[in-house]
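Residue strings, one per chain:
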Amino acid sequence: MTSRDVVLGRLRAALATGDAAPVEVPRDYRHTGTLDLDKLVERLTDYRAHVHRVTEAAVAETIAGILPTGGTVVVPPGLPPSWLPSTVTALPDDGLDNARIAAADAVVTAAALAIAQTGTVVLDGSPDQGRRVLSLLPDRHICVVRADQVVATVPEAVARLTPHRPLTWISGPSATSDIELIRVEGVHGPRQMHVILLP
């Protein structure tokens, strides 16, 4: 008798009992934690994201510093115009095709929330965040996160998010490793991630 026969025999025996009672999953893990903005910054930096802690009044100036030569930035329809410096050309996403999005110098979005424990920013497709494709094609993603959008743990994030929205979880710039474990950034998304963290 092979291992395969043993496994299949156990499956057949389990299915033969007809016991379809749901299994109770223990949910006694920690749901909350102590919020620590410095931990979020540390985690994001570990993932090679650039973090800028500024006031909302300095968002446009910060973006101008990230894009010193100006350029074109894709923006979702609900992004506050005051966040954009006069040195960039805003390209509102009104159904832009992928080629135009990919050709932009950056995308600027807001966020649904961020998780300090994991250094993750979550987008949910709200008007100030836009379609998922916006966070994938441009080479640089600039994301503005407010301190009151930061939660300590993943369970807190899941409880706050609306599950039927298109959720995109981002932990730093896109990166992968080849067979020799050499890190390559930008293969499946932006090579650069800038998080502007507001108080």
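The structure we're discussing is the one just above.
Residues numbered from 1 in each chain as written. Predicted model: local features only at pLDDT ≥ 70, side-chain atom pairs only at ≥ 80, totals over all residues. Heavy atoms only, no water.

Student: Would you explain the nonpolar core in this entry?
Tutor: General note: in soluble globular proteins, nonpolar side chains tend to be found buried as a group. In terms of nonpolar packing, the biggest core is built from 19 residues, with Leu67, Val73, Val108, Ile142 and Ile196 touching the most fellow members. If you list the elements that add at least two residues to this core, you get helix 3 (59-66), strand 2 (71-75), strand 4 (106-109), strand 7 (140-146) and strand 12 (192-198). If one sorts the elements of this core by residue count, helix 3 sits on top with 3 residues. Among all residues touching valine 73, those that are not within four sequence positions of it are Leu67, Leu84, Val88, Thr89, Ala90, Leu91, Ala106 and Val108. Core analysis: the second largest hydrophobic core is formed by 16 residues, Leu40, Ala114, Val121 and Cys143 among them. (Core = buried A, V, L, I, M, F, W, Y, C linked by side-chain atoms within 4.5 Å. Buried < 20%, exposed > 50% of the residue type's maximum accessible area, 1.4 Å probe, protein only. Helix = DSSP H or I, 4+ residues; strand = E, 2+ residues; numbered from the N terminus. Contact = heavy atoms within 4.5 Å.)

Student: Help me out: how do you make sense of the pattern of salt bridges in this one?
Tutor: Proximity of charged atoms lets side chains of opposite charge pair with each other. Across all of its chains, the model carries 6 salt bridges by this definition. In this structure, arginine 53 and aspartate 38 form a salt bridge, with 2.7 Å as the shortest nitrogen-oxygen distance. Of this pair, arginine 53 sits in strand 1 (residues 50-53) while aspartate 38 is found in helix 2 (residues 37-46), placing the two residues 15 residues apart along the sequence. A relative accessible area of 48% means that aspartate 38 is categorised as partly exposed. For arginine 191, the salt bridge goes to aspartate 139, with nearest N and O atoms at 2.6 Å. On the criterion of sequence distance, the pair formed by arginine 191 in the loop between strand 11 (183-185) and strand 12 and aspartate 139 in the loop between strand 6 (120-123) and strand 7 is long-range, its members being 52 residues apart. Overall, arginine 191 belongs to the partly exposed group, its relative accessible area being 40%. Overall, the relative accessible area of 29% leaves aspartate 139 in the partly exposed class. (Salt bridge = Lys/Arg side-chain N within 4 Å of Asp/Glu carboxyl O.)

Student: I would appreciate a short explanation of the environment of glycine 189 in the present structure.
Tutor: With respect to the element layout, glycine 189 can be found in the loop between strand 11 and strand 12. Here glycine 189 falls in the buried class, since its relative accessible area comes to 9%. The spatial distance from the C-alpha of glycine 189 to the C-alpha of valine 133 is 9.4 Å, given a sequence separation of 56 residues. When neighbours within four sequence positions are excluded, glycine 189 is seen to be in contact with Leu136 and Ser174.

Student: Any chance you could explain helix 3 here in plain terms?
Tutor: Since the α-helix packs 3.6 residues into each turn, any two residues three or four apart lie on the same face. Among all positions in helix 3, only Val59, Ala60, Thr62, Ile63 and Ile66 are buried. Down the axis of helix 3, the smallest arc covering the buried residues is 160 degrees, so these residues share one side. More than 90 degrees from the buried face of helix 3, the exposed residues found are Glu61 and Gly65. Residues of helix 3 that are buried sit in contact with strand 1, strand 4, strand 7 and strand 12. (Arc of directions from axis to C-beta.)

Student: Can you help me understand helix 2 in this one?
Tutor: All buried positions along helix 2 are accounted for by Leu40, Val41 and Leu44. In a view along the axis of helix 2, the buried residues occupy a sector of 95 degrees, so they form one face of it. Sitting at the head of helix 2, aspartate 36 places a side-chain oxygen 3.0 Å from the backbone nitrogen of aspartate 38. A positive backbone phi angle near 70 degrees is found at arginine 48, which sits one or two residues after helix 2. (Polar contact = N/O pair within 3.5 Å; in protein donor to acceptor, adjacent residues only side chain to side chain.)

Student: So what exactly am I meant to see when it comes to the sheet that holds strand 9 (residues 168-170) here?
Tutor: The strand order across the open sheet formed by 4 strands is 8-5-6-9, and the pairing between neighbours is mixed. For this open sheet the edge positions go to strand 8 (150-151) and strand 9, each flanked by a neighbour on one side alone. (Pairing = 2+ DSSP bridges.)

Student: Sorry, what's going on with the layout of surface pockets here?
Tutor: Over the atoms rolls a probe the size of a water molecule, and its path tells where empty space is left. For the largest pocket, the calculated volume is near 170 Å³. Taken together, 15 residues make up the lining of the largest pocket; nearest its centre are Ser135, Leu136, Ile170, Gly172 and Pro190. Per element, the largest residue contribution to the lining of the largest pocket is 3 residues, and it comes from strand 9. For the lining of the largest pocket, the class distribution of residues is 6 nonpolar, 8 polar and 1 charged. (1 Å grid on protein atoms, 1.4 Å probe; cavity = no way out; pocket = protein on both sides within 12 Å on 5 of 7 lines; lining within 4 Å. Points joined across faces, edges and corners; volume = space filled by probe spheres on them. Nonpolar A, V, L, I, M, F, W, Y, C, P; charged D, E, K, R; others polar.)

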